[in-house]
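Coordinate analysis (summary)
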Amino acid sequence: MSELTTTQPAGTPTWIDLGIPDLDRAMTFYGALFGWEFDVGPAEYGHYTQCLLRGRPVAAIRPNPDPDATEFWWNVYFATDDCDAAAARARNAGGSIITGPMDVLDQGRTAIIKDTTGAQCGLWQAGAHIGCEIVNEPNALLRNDLVTAESGPARDFYVAVFGYTLDANPDMPELDFTFLRRPDGHEIGGIVGDPKATKSRWGTLFQVDDADAAARRAIDAGGTSAEPYDTIYGRVANITDPFGTEFDVGAAMTS
């Protein structure tokens, strides 16, 4: 159990949200998959809906503000002590600012940025909202990894913005995989270099008790799932929700 009551250190993935065409259908799907409950926000705030586990926010979903959108993904926000300064570092490193920086009522200050490979992510300077209040346990966020065909430029960008240190993965030397670590040495995710990747995107992995059971729940709820498979770290399934949003679920290996 990993319940958080204070802001995570700068550079840590701290929040995720998803914009989709049909909020009711999304709540039905993700409620069935993860057992989440939902606190639907008012219309004046775009029905921004908190996804709750044991009454604590673990993610958010909302109707997509772009009626012509055809692609949907879980957007990850990285904690920052100074959203404006982090956005400026992103711009100076060759990235771009999509929105913000701007205040979100008393909840915090945010910006959406795009890195030099085209991957999008958010910045979150916490106010009243610290981000995910449960992580690293079943039905909550476990990790985020960037998949890109341009791993070198991606590494340079995120080091410049967040001050990460980089480590290769000795467990999988055949892969172009780099661990990203905060200055205190804590691993926050990684960069996967895949020359076949047609676009760069941050992926989202949710922890579950049983990847096979989660895959079946996803299918029963109107999504799809690839066949679960074993890795050296656990058993994983790639899930697609009813809107085409791809993400992964993973469970620890059982002996």
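Each remark here, short or long, concerns the structure printed above.
Below: a short report on this structure. Quick caveat: nothing in here was measured; it's all calculated off a predicted structure. (Residues numbered from 1 in each chain as written. Predicted model: local features only at pLDDT ≥ 70, side-chain atom pairs only at ≥ 80, totals over all residues. Heavy atoms only, no water.)

This part covers the environment of T116. Position of T116 relative to the elements: it lies in the loop between β7 (108–114) and β8 (120–126). Here the alpha-carbon distance between T116 and G95, two residues 21 residues apart in the chain, equals 5.0 Å. Contact partners of T116, with chain neighbours within four places excluded, come to A93, G94, G95, P153 and F157. (Helix = DSSP H or I, 4+ residues; strand = E, 2+ residues; numbered from the N terminus. Contact = heavy atoms within 4.5 Å.)

All right, on to the pairing of strand β13 (residues 201–207) then. Both strand β9 (residues 140–148) and β13 contribute to a ladder of seven bridges, which runs antiparallel. Residue pairing for β13: V147 is matched across the bridge by R201. Across three bridges, β13 lies against strand β17 (residues 246–251) in parallel orientation. Bridging from a neighbouring strand, F206 pairs with V249 of β17. (Pairing = 2+ DSSP bridges.)

With that out of the way, let us pick up the pattern of salt bridges. Scanning all chains against the criterion turns up 15 salt bridges. E3 serves as the salt-bridge partner of R56, at 3.3 Å between the closest nitrogen and oxygen. Taken together, the residues R56 in strand β4 (residues 56–63) and E3 in the segment before β1 (13–20) connect sequence positions 53 residues apart. Exposure remark for R56: the relative accessible area of 23% places this residue in the partly exposed category. (Salt bridge = Lys/Arg side-chain N within 4 Å of Asp/Glu carboxyl O. Buried < 20%, exposed > 50% of the residue type's maximum accessible area, 1.4 Å probe, protein only.)

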